[in-house]
Amino acid sequence: MTTLDTDTLEMVLTTLRDYAAKRLKPEYLRELDERDEFPHDVLRDLYDPEKFGLHLIFIPEEYGGLGGGAYDVYRVSEQMARIDLGIATGVLATFLGTDPIVVGGTEEQKAHWMGRIASEGLLVAYGATEPQAGSDLGTLTTRAVPVEEDGKIIGYKITGRKQWISNGGVAKLYTILANAPGGISWFVMEAGQPGFSYGKPEDKHGIRASNTAALFLDEVFVPVENLIGGVEGQGLAQAQAVFGYTRLMVGSFGLGAGWAALERAIRYSQTRVQGGGLLSTKQAYTHKLLVPNAVHLEASRAYIEWVAERIDGGDPDQQTEGAVAKYFATESGNKAAEDAIQALSLIHI
Ligand SMILES: Cc1cc2nc3c(=O)[nH]c(=O)nc-3n(C[C@H](O)[C@H](O)[C@H](O)COP(=O)(O)OP(=O)(O)OC[C@H]3O[C@@H](n4cnc5c(N)ncnc54)[C@H](O)[C@@H]3O)c2cc1C
């Protein structure tokens, strides 16, 4: 069930579809992919509170957002992924980036940062992974060294390197996971600080319209107010707490991208004549390449919706269920995309 009212959610999805039909045509998306280019102007449109304000979906109402829940985020993520997975990643990385604030921030921090993200349409990046610390974040080496004045901590100097950060080279705000004396902690960092730089965009195999970059931090100062939650050592628990939610979002990407590929194959089968009839009338084709994928994708949807309803019903502790949704839906999406390639053209060797 939607947390937003149904009309608002449907209006968002329709506006998104209309925008994509006009502005994000397949030729343009292919060009972005070929040029490995992040479409700044598209993201500006989508985040402009006057025009679109897509980011407002996941910002609570008290901070100027629309207060959507997990179900709403799943529907928007699926729709975005149907359009382009790279752009979807750019849009939704902000959601990931704000998670540490939403889960672990003090009331004051939430009001300040979420309020700014809502009104200024800021792109956010989530900086956890390091070259040697991916699956096992406990081994990260980025350090946050306290800066004291008159015996009181007034801030931290952060030094280290982050790797493969979505929106890394384009964000205005970063949440950075670093080792403080009291343990691993999240910090909010604004772009353009002295000592901060980022690498060139990674030349990826897919989702090429998303920006993925390394971050370099050399004694970047952040004021003590930017320590999320105000207490050191809460970082890993805060990162863990949002996995149910974020895994659901990635699962929805698999669902949307898989359906987009499958629908293309279905349309093709309804016009392509082979062996004296339309491919859509041949069961050897439909029951191998199309039907099983529709079944798997819709089973993924049912599971995603079940997890979303549990989260929205007040049980955010859905890390395992989120992982099941992510695994099943992304595997189903991938298989649908592979079969769609076969459905359009089988190479006989
Ligand atoms: C396109 C893209 C965007 C990304 N965006 C972000 C982002 O915005 N922010 C961010 O912080 N990170 C981001 N990441 C990083 C991502 O979260 C990491 O890639 C992920 O955490 C895995 O870490 P790793 O790449 O170091 O792989 P590794 O941890 O080195 O894992 C390599 C392989 O070993 C397996 N493995 C690892 N540990 C074990 C174990 N104990 N037992 C058995 N198998 C194991 C893994 O499953 C994997 O198959 C992004 C990555 C990509 C590719």
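Nothing here was measured: the structure is a model prediction, and the numbers come from that model.

> Could you give an account of the nonpolar core, with specific residues and numbers?
The biggest cluster of nonpolar side chains holds 80 residues, and the ones touching the most others in it are L24, L46, L54, M80, I87 and V91. Here I87 is in contact with L24, L29, L32, P39, V42, L43, L46, M80 and A209, once residues within four sequence places are set aside. In terms of nonpolar packing, the next biggest core, distinct from the first, is built from 18 residues, Y156, I165, Y174 and F187 among them.

> With reference to specific residues and values, describe the pairing of strand β4 (residues 173-180).
It is a general feature of regular strands that their side chains alternate between the two faces of the sheet. Here β4 lies mainly inside the structure; seven of its eight residues are buried. Across eight bridges, the pairing between β4 and strand β5 (residues 183-190) is antiparallel. For T175, the partnering residue across the bridge sits in β5 and is V188. Counted along the chain from β4 to the antiparallel partner β5, the turn is two residues long.

> Describe the packing of helix α3 (residues 40-47) against helix α5 (residues 85-104), listing the residues and the values that go with them.
Following both chains from N to C, one finds α3 and α5 inclined at 50 degrees, their axes separated by 11 Å at the closest point. Put simply, α3 runs oblique to α5. Classified by chirality, the crossing of α5 by α3 is right-handed. Where α3 approaches α5, its residues V42, L43, L46 and Y47 are matched on the opposing element by I87, G90, V91 and T94. A per-class count over the contact of α3 with α5 returns six nonpolar, two polar and no charged.

> Requested: an account of the pairing of strand β2 (residues 143-149), with residues and values cited.
Relative to strand β3 (residues 152-166), β2 is paired through seven bridges, and the arrangement is antiparallel. From the neighbouring strand, R143 faces β3, where its bridge partner is T159. Hairpin connection of β2 to β3: two residues between the antiparallel strands, including D150 at a positive phi of 50 degrees.

> Outline the site of the ligand, supporting the account with residue identities and numerical values.
Close to the ligand lie Y126, A128, T129, G134, S135, W164, I165, S166, K204 and I207. Separating a nitrogen atom of the ligand from a side-chain N or O atom of T129 is a distance of 2.7 Å. Here a nitrogen atom of the ligand and a backbone polar atom of W164 are 3.0 Å apart. Examining the composition of the shell around the ligand, we find that three residues originate from one element, β3, more than from any other. A class-by-class count of the residues in the shell around the ligand yields five nonpolar, four polar and one charged.

> Outline the pattern of salt bridges, listing residues and values.
All chains considered together, the criterion is met by 16 salt bridges. The partner of E78 in a salt bridge is R82, with the nearest N and O atoms 3.3 Å apart. Linking E78 with R82, this pair stays in helix α4 (residues 70-83), spanning four residues, or about one helical turn. Judged by its relative accessible area of 5%, E78 falls in the buried class. For E78, the salt bridge goes to R301, with nearest N and O atoms at 2.9 Å. With E78 in helix α4 and R301 in helix α9 (residues 283-312), this pair connects stretches of sequence that are 223 residues apart. Taken together, the shared-partner salt bridges in this structure form one network comprising E78, R82, E263, E298 and R301.

> Could you give an account of the side chain of T212, naming the residues involved and the relevant values?
The residue T212 is located in strand β7 (residues 212-223) in this model. Using a relative accessible area of 7% as the deciding quantity, one classes T212 as buried. Within polar-contact distance, the side chain of T212 engages the side chain of K204 at 2.9 Å. Beyond its immediate chain neighbours, meaning those up to four positions away, T212 contacts W164, I165, S166, K200, P201, E202 and K204.

> Give a description of empty space enclosed by the protein that names residues and reports values.
Enumeration over the complete set of coordinates arrives at one cavity of 30 Å³ or more. Space inside the largest cavity adds up to approximately 60 Å³. Along its surface, the largest cavity is lined by L54, H55, I57, F58, V73, V76, V91 and L92. Secondary structure elements with two or more residues in the lining of the largest cavity: α4 and α5. Among the residues making up the lining of the largest cavity, the classes are represented as seven nonpolar, one polar and no charged.

The rules behind each value
- Residues numbered from 1 in each chain as written.
- Predicted model: local features only at pLDDT ≥ 70, side-chain atom pairs only at ≥ 80, totals over all residues.
- Heavy atoms only, no water.
- Core = buried A, V, L, I, M, F, W, Y, C linked by side-chain atoms within 4.5 Å.
- Buried < 20%, exposed > 50% of the residue type's maximum accessible area, 1.4 Å probe, protein only.
- Contact = heavy atoms within 4.5 Å.
- Helix = DSSP H or I, 4+ residues; strand = E, 2+ residues; numbered from the N terminus.
- Pairing = 2+ DSSP bridges.
- Axes fitted to C-alpha atoms, helices over the stretch in contact; angles between N-to-C directions.
- Parallel < 35°, antiparallel > 145°, perpendicular 65-115°, else oblique.
- Left-handed = near helix turned anticlockwise from the far one by under 90°.
- Nonpolar A, V, L, I, M, F, W, Y, C, P; charged D, E, K, R; others polar.
- Near = heavy atom within 4 Å.
- Polar contact = N/O pair within 3.5 Å; in protein donor to acceptor, adjacent residues only side chain to side chain.
- Salt bridge = Lys/Arg side-chain N within 4 Å of Asp/Glu carboxyl O.
- 1 Å grid on protein atoms, 1.4 Å probe; cavity = no way out; pocket = protein on both sides within 12 Å on 5 of 7 lines; lining within 4 Å.
- Points joined across faces, edges and corners; volume = space filled by probe spheres on them.

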